[in-house]
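What follows is each chain in one-letter form.
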Amino acid sequence: MPPPHPRRFLGGYRGTGQTTVGRLLADRLGWAFADADVVLEERAGRSIADIFASEGEAGFRDREAAVLADLCRVPNLVAATGGGAILRPENRELLKTSGFVAWLAADPETVWRRMVTDPTTAGRRPNLTARGGLDEVRELLSAREALYREAAGVRVVTDGVSPDAVAAAILTAWNGG
């Protein structure tokens with residue numbers, strides 16, 4: 001039996017498994033899946049990196065908020081949010097009031113390793129600080145931790161855990177167990 005909330009959101013820094021786990025969860029629930037970053041790129045007709053280059057972070061965050069608002073109205077949906085979607089207070093509130101949020105967490109080294117082995121990351125995602133690299137991951141994870149915690153109903157660590165095990169842990173939490 002599906003959980004009582006009509007929507008499920010996966011938040012967390014990029015490279016924590018939102019898309020992989022989100023697809024598994026949607027399949028197990030028999031629901032649709034959406035990756036907010038993919039939806040945003042499809043609507044804009046260009047990559048996140050291109051949007052950052054032409055509109056800056058503020059323009060990108062406006063687009064991100066619009067996509068998130070639309071996804072929050074879709075029933076029976078599992079959605080992977082962008083890693084920075086929690087930066088705006090109104091996005092955090094919208095997520096909390098629209099469904100159940102699971103925060104996928106991993107240590108900076110795991111995130112960095114996943115990012116450098118993902119062939120789509122470099123072309124689609126810009127650096128968000130001047131340094132980039134592992135230093136950027138550490139800095140942003142630290143800066144965003146309290147925001148992820150505020151938005152989430154549960155925190156699930158993904159370091160060294162299979163996507164199936166992460167999905168099972170989330171389903172258990174969603175079902176109140």
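Keep in mind the model is a prediction, meaning the values are calculated, not measured.

Cut-offs used in this document
Residues numbered from 1 in each chain as written. Predicted model: local features only at pLDDT ≥ 70, side-chain atom pairs only at ≥ 80, totals over all residues. Heavy atoms only, no water. Phe/Tyr/Trp six-rings, centres within 6.5 Å; stacked < 30°, edge-to-face > 60°. Helix = DSSP H or I, 4+ residues; strand = E, 2+ residues; numbered from the N terminus. Buried < 20%, exposed > 50% of the residue type's maximum accessible area, 1.4 Å probe, protein only. Core = buried A, V, L, I, M, F, W, Y, C linked by side-chain atoms within 4.5 Å. Contact = heavy atoms within 4.5 Å.

(A) Representation of the packing of aromatic side chains in the model. As enumerated under the stated definition, the model contains three aromatic pairs in all. Between Phe100 and Trp174, the ring centres sit 5.9 Å apart and the planes meet at 80 degrees, which makes this aromatic pair edge-to-face. One end of the pair, Phe100, is in strand S4 (residues 100–105); the other, Trp174, is in helix H8 (residues 163–174), and 74 residues separate them in sequence. Like Phe100, the residue Trp174 is buried in the burial classification.

(B) Here's a closer look at the nonpolar core. Tyr13, Leu71, Leu95 and Val111 are the most contacted members of the largest nonpolar core, which totals 33 residues. Contributions of two or more residues to this core are made by helix H2 (36–44), helix H3 (48–71), strand S3 (77–80), S4, helix H5 (108–117) and helix H7 (133–151). A per-element tally of this core places H3 first, with seven residues. Aside from chain neighbours lying at most four places away, what touches Leu95 is Phe9, Leu68, Cys72, Thr81, Ile86 and Val101. Val78, Val154, Val156 and Leu171 belong to the second largest nonpolar core, which has 17 residues in total.

(C) Molecular detail of unusual backbone geometry. The phi angle at Asn76 is positive, at roughly 50 degrees, despite the residue not being glycine. Here Asn76 lies in the loop between H3 and S3. Given a relative accessible area of 40%, Asn76 falls into the partly exposed group.

Note that all results are geometric; they support no functional claim without further evidence.
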